[in-house]
Amino acid sequence: MSLRFIISPAKKMRVVDAPPWPVREPRFLDRTERLMRAVQALSREEAKALWACSDRLANLNFERFASMELSGSTTAAVISYEGIQYTHMAPEVMSEQQLSWLDEHLRILSGFYGVLRPLDGVVPYRLEMQAKLALDGARDLYGFWGSSLYKALATEGCDLIVNAASVEYARAVTPWVRPDGPQVLACLFGTLRNGKLRQAATEAKAARGTFIRWCAEHKVEQPGELTAFDERGYLFCEELSNECTFVFARN
């Protein structure tokens, strides 16, 4: 069975002049360029409102967009994003075989790039999926990307999409699932309290990153193999799981 794992990006990004090196351009680079032009047409205050961020971050990202070159000096997506999830995934210390698995199986959802393979070359940007940027007749990025991200995964020939993304980013894929296309298996990570699963946002990010790293280390190819995940104190919770959702809990 062919699996594709989807995760969220991180807000913070960096330029890295070190391996793993980018090996290709992102799939939807032409659409990314249209988004770039739309953001560049905004005033500083309009951009700040779109990003809903501090003056410092608004100034940083306004300057980034002003001088942005999508095909210039790029960084592999999986090491360009900085955040708890990516720290625990630790792609910088993966073996060549683990990176190969990661590049084949992992897809990073992005409001700016749509969907990325780990070794796609990217530049730093700020544009979250829930941003209200009107373009091409759509009032926001969910409308702009529409069904294209799900279709991109489907055309890769995958049988199952393993959803380890946040709700915000999963919404760009899950509403478009077709009965004759790949289905979605959600993976949830939390703590059991009185028989109920409690999910803390920060710990969930750490768990997702650890989960993806574990899958790369074990070269997972079948959904049944996922139930063996047992790091950070998590164990597969059969009583709370079903064919659409795998729950991993710790006490």
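Residues numbered from 1 in each chain as written. Predicted model: local features only at pLDDT ≥ 70, side-chain atom pairs only at ≥ 80, totals over all residues. Heavy atoms only, no water.

Undergrad: Explanation requested: helix α3 (residues 55-66) in the structure shown.
TA: One turn of an α-helix holds 3.6 residues; hence residues three or four places apart share an orientation. Over its twelve residues, α3 extends 16 Å from the first C-alpha to the last, a length consistent with the 16 Å expected when each residue adds 1.5 Å. Within the span of α3, buried status applies to A58, N61 and F65. Down the axis of α3, the buried side of the element spans an arc of 80 degrees, and every buried residue falls inside it. Opposite its buried face, α3 presents the exposed residues R56 and A66, each directed more than 90 degrees away. Buried residues along α3 sit in contact with α1 (29-40) and α2 (44-51). (Helix = DSSP H or I, 4+ residues; strand = E, 2+ residues; numbered from the N terminus. Expected span 1.5 Å × (residues − 1). Buried < 20%, exposed > 50% of the residue type's maximum accessible area, 1.4 Å probe, protein only. Arc of directions from axis to C-beta. Contact = heavy atoms within 4.5 Å.)

Undergrad: Would you take a moment to explain the packing of aromatic side chains for this structure?
TA: Within this structure, the stated rule accounts for 22 aromatic pairs. Geometrically, the ring pair formed by Y81 and Y86 is tilted, given 5.5 Å between the ring centres and 35 degrees between the ring planes. The buried category is assigned to Y86, whose relative accessible area is 3%. An aromatic cluster is defined as three or more aromatic residues linked by ring pairs; in this entry it consists of F5, W101, F189, F211, W214, F229, Y234, F236, F246 and F248. The ring of F144 carries R31 above its face, with NZ or CZ at 4.7 Å from the centroid. Over the ring of Y142 we find R171; its NZ or CZ atom is 4.1 Å from the centre of that ring. (Phe/Tyr/Trp six-rings, centres within 6.5 Å; stacked < 30°, edge-to-face > 60°. Lys NZ or Arg CZ within 6 Å of the ring centre and 35° of its normal.)

Undergrad: Is there a simple way to explain the nonpolar core in this structure?
TA: Considering soluble globular proteins, one finds that nonpolar side chains tend to be buried as a cluster. Within the largest apolar cluster, 83 residues are counted, with the highest numbers of intra-cluster contacts made by F5, L102, F112, L127, F211 and L226. In terms of residue count, helix α10 (residues 201-218) provides more of this core than any other element does, six residues in total. Residues in contact with L102, not counting those within four places in the same chain, are V78, M89, P91, M94, R107, P118, I212 and A216. (Core = buried A, V, L, I, M, F, W, Y, C linked by side-chain atoms within 4.5 Å.)

Undergrad: Looking at this model, I keep getting lost on the environment of T74. Mind explaining?
TA: Position of T74 among the secondary structure elements: in the loop between α3 and β3 (75-76). The partly exposed category is assigned to T74, whose relative accessible area is 22%. Taking the C-alpha atoms as reference points, T74 and L119, 45 residues apart in sequence, are found 10 Å from one another. Those residues in contact with T74 that sit more than four places away from it in its chain are P22, G121, V122 and V123.

Undergrad: What is the right way to read the state of the cysteines from this model?
TA: Covalent bonding between the sulfur atoms of two cysteines defines a disulfide. Applying the stated criterion to the full structure yields zero disulfides. This cysteine, C187, is not joined by any disulfide, and C215 carries the nearest cysteine sulfur, 7.6 Å off. Look at C187 and you get buried, because its relative accessible area is 5%. Free cysteine C244: the closest other cysteine sulfur is in C187, separated by 12 Å. C244 sits in the partly exposed class, given a relative accessible area of 43%. (Disulfide = S-S within 2.5 Å.)

Undergrad: Can you help me understand the side chain of D120 in this one?
TA: With respect to the element layout, D120 can be found in the loop between β6 (114-116) and β7 (121-122). Residue D120 is classed as buried on the basis of its relative accessible area of 3%. Leave out the neighbours within four places in its chain, and D120 touches P22, R24, E25, P26, R27, T75, A76, A77 and V115.

Undergrad: Is there a simple way to think about the pairing of strand β5 (residues 106-110) in this case?
TA: Consecutive side chains along a regular strand alternate between the two faces of the sheet. With five of five residues buried, β5 lies mostly within the body of the structure. Burial along β5 is two-sided: L106, I108 and S110 facing one way and R107 and L109 facing the other are all buried. Across three bridges, the pairing between strand β1 (residues 3-7) and β5 is parallel. Residue I7 lies in a different strand from β5, and its bridge partner there is I108. Sheet analysis places β5 next to β6, joined by three bridges and oriented antiparallel. (Pairing = 2+ DSSP bridges.)

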